[in-house]
Amino acid sequence: MREIIKNTGSVYFSSSKWDILNTKINDLKPSTIFILVDANTLKYCLAFMLNKLEIKDNYKVLKIQEGEINKNIKTCEYLWNQLSENSADRQSLLINLGGGVVTDIGGFVASTFMRGIQFINIPTTLLAMVDASIGGKNGVDLGIIKNQIGVINNPAMVLICKDFLNTLPKNQLKSGYAEVIKHGIIDSKSYWDKIKIFNELNIDEMDAIIWESVVVKNNIVTIDPFEKNIRKKLNYGHTLGHAIESYSIGNHSIPSLLHGEAIAIGMVLTTYISHIQCGFPKETLTEISTYIFNKFKKIEFNQDDIKHIIKLLKHDKKKHDNKVLFVLLNDIGKHQLNFEVPQKMIFEAFDYYKNIGQG
Ligand code: GLY
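Residues numbered from 1 in each chain as written. Predicted model: local features only at pLDDT ≥ 70, side-chain atom pairs only at ≥ 80, totals over all residues. Heavy atoms only, no water.

1. Things to note about the site of the ligand
Here is step 1 of the chain: In the vicinity of the ligand, the contacting residues are Asp131, Lys137, Lys217, Glu227, Arg231 and Leu234.
Here is step 2 of the chain: Within the side chain of Lys137, a nitrogen or oxygen atom sits 2.9 Å from an oxygen atom of the ligand.
Here is step 3 of the chain: Here an oxygen atom of the ligand and a side-chain polar atom of Lys217 are 2.5 Å apart.
Here is step 4 of the chain: Partitioning the shell around the ligand into residue classes produces one nonpolar, no polar and five charged. (Near = heavy atom within 4 Å. Polar contact = N/O pair within 3.5 Å; in protein donor to acceptor, adjacent residues only side chain to side chain. Nonpolar A, V, L, I, M, F, W, Y, C, P; charged D, E, K, R; others polar.)

2. As for the nonpolar core
Here is step 1 of the chain: Counting 103 residues, the largest nonpolar core has Met49, Ile95, Ile122, Ile210, Ile273 and Phe301 as its most contacted members.
Here is step 2 of the chain: Among the elements that line this core, the one with the most residues is helix α11 (residues 259–278), at ten residues.
Here is step 3 of the chain: When neighbours within four sequence positions are excluded, Ile95 is seen to be in contact with Ile25, Ile33, Phe34, Ile35, Leu36, Met49, Leu53, Ile120 and Ile122.
Here is step 4 of the chain: If you look at the next biggest cluster of nonpolar residues, it comprises 18 residues, including Val109, Ala110, Phe113 and Ile117. (Core = buried A, V, L, I, M, F, W, Y, C linked by side-chain atoms within 4.5 Å. Buried < 20%, exposed > 50% of the residue type's maximum accessible area, 1.4 Å probe, protein only. Helix = DSSP H or I, 4+ residues; strand = E, 2+ residues; numbered from the N terminus. Contact = heavy atoms within 4.5 Å.)

3. Re the environment of Lys232
Here is step 1 of the chain: As for its placement among the helices and strands, Lys232 is situated in the loop between α9 (207–223) and α10 (238–248).
Here is step 2 of the chain: In this structure Lys232 comes out as buried when scored by relative accessible area, which is 13%.
Here is step 3 of the chain: Separated by 105 residues in the primary sequence, Lys232 and Leu337 place their C-alpha atoms 7.2 Å from one another.
Here is step 4 of the chain: In contact with Lys232, other than residues within four places in its own chain, are Glu227, Lys318, Val327, Leu337 and Asn338.
Here is step 5 of the chain: Side-chain polar atoms of Lys232 contact the side chain of Asn338, separated by 3.2 Å.

Now the structure itself:
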C-alpha cells in the first residue's frame, strides 16, 4: 500500500487516493475551497482533477503566472487579496495543484492567511512529487535569493497522481529526476544502483522510483522536521546548486537553469569536494559525474561567474557564525554535516566540472 499516514502531511499514492481526498474534504467541511493553479496546471491538470472530485461548484480557482520568477511576495499579496475579496475564512481550504512553485507559494499563503488555513498539495511535476510537496517547507524567494522567506507547516494531505507527469515537457521531468538522483546518493548504494539504470522519461515504469524517493524524503523529515540535523542532508548539492540557480535567474552570462539542472551541477561540484575533503571514492565520483554529464546540459562558467556564485553562498540558510556549511559525503549514503569548505576548493571543483567529458 503506497500510503504514509501521519497526523499532518500524510501522503497517498495508492489507487484509492482520490476517494481518500474526497473523504478528507468531507471531513474538513471547508466553508470555501480555493484551488491554486498556474497557467500550465490550469490548462493541463485542473479539468482532470475536478473530474475526480465530488465538489461541484463550491470552489474558486486562483491563478498565478508559472515559473520561479513569480515565487515572490508580490504574488503572495495578490493571493492574500484574492482570498480576502472572496470571503475566505479560517475554515477555507486551499488546494495547491502544481509544481514546486505552486506548492511552495500556496503552502506559504495558506499558512499565513488569518494565521493559517488548511491546505492540500497535489503535485503535478516530478520535482514536487518527490520533494517540494513533502516535508512542509513553504515559502518564496527574496529577490533572486531562493526560499529566504517561509515557514515549515505541513499540508492536511499530499496526493500523488502520476498521470500528471504526462503533461510535462522532458526538461521538467529531468529537472525533477535530479532530486531523485540526490535521494539515491544520500540514501544508499542499492537505491543509487536502481536510479542510475532507470530511464527518467519512462513514466509508465516510474511508480517504484517515485515511491522510494517519497519514502526516503519522508523518513528524513519525520525525524528532523525543522532541519536541526539530519534534514540538512536533503540539501546535498543545494548549497552550490541554489547559488547557481539564483545566479542564472536574470543573468545573461549563463543560461537560465531549472532547479534540477542547477542542483545536478551542484551535486557534481559537491561530490568532487567530498572526494577531496572526506575521501568519497574516486570511482563513484567519476560514475556520478559522468552520469550527470550525460543527462544534463553542460554549462560554461568563467572565473567571474564563479566569483558571483561564491558571493551568493552567503545567503545559504545552513550558514552559522557567518560560515557557509556544506553537507558532504564519505561515500554514498554516508553524510558529514556542517563542513566548512575553503573558497579555493570551490574553484577547484568548478575546474573539475569543466573537464568532465574531455577524454
Ligand atoms: N528540499 C529539501 C527539504 O525539504 O529539506
